[in-house]
Amino acid sequence: MSLNERVQEEIEALEAILMDDISISYGDNGCPELVKSTIFPSTADDTDKQYVCVTLEVKLPDNYPDCEPLVQLRNPRGLDDTTLNHLYRTIKDKCNEFVGQPVIYELIELIRENLTESNLPTCHCAVCLYGFSEGDSFTKTQCFHYFHSYCLAMHLITTEKHFIEEQEKLPTWQKSTTGFQASCPVCREPISCDVQELKNALPPRELEKAQNFQVTKELQMLQAQMKQLFIYQKSRGGIIDVEAEENKLLLITESSESSPGDDSGPSELNGVLSRQRCDPRTNSSR
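Residues numbered from 1 in each chain as written. Predicted model: local features only at pLDDT ≥ 70, side-chain atom pairs only at ≥ 80, totals over all residues. Heavy atoms only, no water.

Thoughts on a nonpolar patch on the surface
Now for step 1: A cluster of nonpolar side chains, Leu222, Met226, Leu229 and Tyr232, forms an exposed patch at the surface whose accessible area comes to about 410 Å².
Now for step 2: By the element assignment, Tyr232 lies in helix 7 (residues 217–235). (Patch = residues over 30% accessible without salt bridge, like charges linked within 9 Å, V, L, I, M, F, W, Y side chains within 5 Å. Areas by Shrake-Rupley, 256 points an atom, 1.4 Å probe, with all protein chains shown as cover. Salt bridge = Lys/Arg side-chain N within 4 Å of Asp/Glu carboxyl O. Helix = DSSP H or I, 4+ residues; strand = E, 2+ residues; numbered from the N terminus.)

Structure (structure tokens):
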């Protein structure tokens, strides 16, 4: 059986087993080039308990399966670098073991087993930047990002407050007609959640154990050094005074024709640009 026939047979088997859970890309010659599948842990079809996932991309070289395919793990959710590096090592070992044989289904099952064994987010909460400890209440968004329930509630409450404040400053015709839409703090995708329920969760343990912030002598010395650096940069023109710049207007006047009886030559009048900086409060040039 030729290489192409062996690959095509493997692809047909994958499509029959995984159906919509797999995507195949073909080259100009009609041969499969790239296989993609998003893999979740095995949770008996209870998607609410699938806390991690990753997309497997397998690029097929011309002489596959007699050589290793090129494997990439894309869009990991709930997985830290340590877990991903472990997955890559096990994938490498599996590819070496199956040289000369179809390996894509084996890789999918290998990754699924690993995700099932570590079906808890190993990343950090993007709001408080602490990890997830045993007993912490956490939330998985529809886009597979993870937050302590308490942290997500505080973030959404603050975000909605700022949204309302900004809306009140706008004229009626510019105000939003749809109202506040909660979004993921990481990817800004729209999310739906019960803020009141999230707010009832206890704060993460690491946050409660964190020491209160105190200004140390070292920090005070650093602040003094930064103040001196700011003064020095300002004296050298390296700091722009935003408020002062906003009070300046740049006026450009152009005269294209000479007035009757004007002795000035056309070269002096045509295309002459006069730039003046005016104080809008006194309306006088300076």
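The structure having been displayed, the exposition proceeds.
Brief notes about helix 3 (residues 104–117)
Now for step 1: Taking 1.5 Å as the rise per residue, helix 3 with 14 residues should run 20 Å; its terminal C-alpha atoms sit 20 Å apart, in good agreement.
Now for step 2: Within helix 3, burial applies to Ile104, Leu107, Ile108, Leu110, Ile111, Asn114 and Leu115. Each buried residue of helix 3 lies within a common arc of 165° when the element is viewed along its axis, so the set occupies one face. (Expected span 1.5 Å × (residues − 1). Buried < 20%, exposed > 50% of the residue type's maximum accessible area, 1.4 Å probe, protein only. Arc of directions from axis to C-beta.)

Observations regarding the nonpolar core
Now for step 1: With 29 residues, the main nonpolar core has Val35, Leu56, Leu73, Ile91, Ile104, Leu107 and Ile111 as its most contacted residues.
Now for step 2: Sorting the residues of this core by element identifies helix 1 (3–18), strand 2 (32–39), strand 3 (53–59), strand 4 (70–77), helix 2 (81–97) and helix 3 as the ones contributing at least two each.
Now for step 3: Top contributing element to this core by residue count: helix 3, with six residues.
Now for step 4: When sequence neighbours within four positions are dropped, the list of residues in contact with Leu107 reads Leu56, Val58, Val71, Ile91, Lys94 and Cys95.
Now for step 5: In terms of nonpolar packing, the next biggest core, distinct from the first, is built from 16 residues, Cys125, Cys128, Cys143 and Leu198 among them. (Core = buried A, V, L, I, M, F, W, Y, C linked by side-chain atoms within 4.5 Å. Contact = heavy atoms within 4.5 Å.)

Looking at the environment of Gly131
Now for step 1: Within the secondary structure, Gly131 is located in the loop between helix 3 and strand 5 (138–140).
Now for step 2: On a C-alpha basis, the gap between Gly131 and Phe147 in space is 9.2 Å, while along the polypeptide they are 16 residues apart.
Now for step 3: If we ignore the near neighbours within four places in the chain, the residues touching Gly131 are Cys123, His124, Asp136 and His148.

What about the pattern of salt bridges?
Now for step 1: Per the counting criterion, the structure on display carries seven salt bridges.
Now for step 2: Among the ionic pairs, Glu57 bridges to Arg74, the shortest N-O distance being 3.3 Å. A residue pair is termed long-range when its members are at least 10 positions apart, and Glu57 in strand 3 and Arg74 in strand 4 qualify at 17 residues.
Now for step 3: Ionic pairing is found between Glu166 and Lys169, a salt bridge with its closest N-O pair at 3.4 Å. In this pair, Glu166 and Lys169 both sit in helix 4 (residues 149–169), three residues apart, roughly one turn of the helix.
Now for step 4: Since its relative accessible area comes to 44%, Glu166 is described here as partly exposed.
Now for step 5: Salt bridges here are not isolated pairs; linked through shared partners, they connect Lys36, Glu57 and Arg74.

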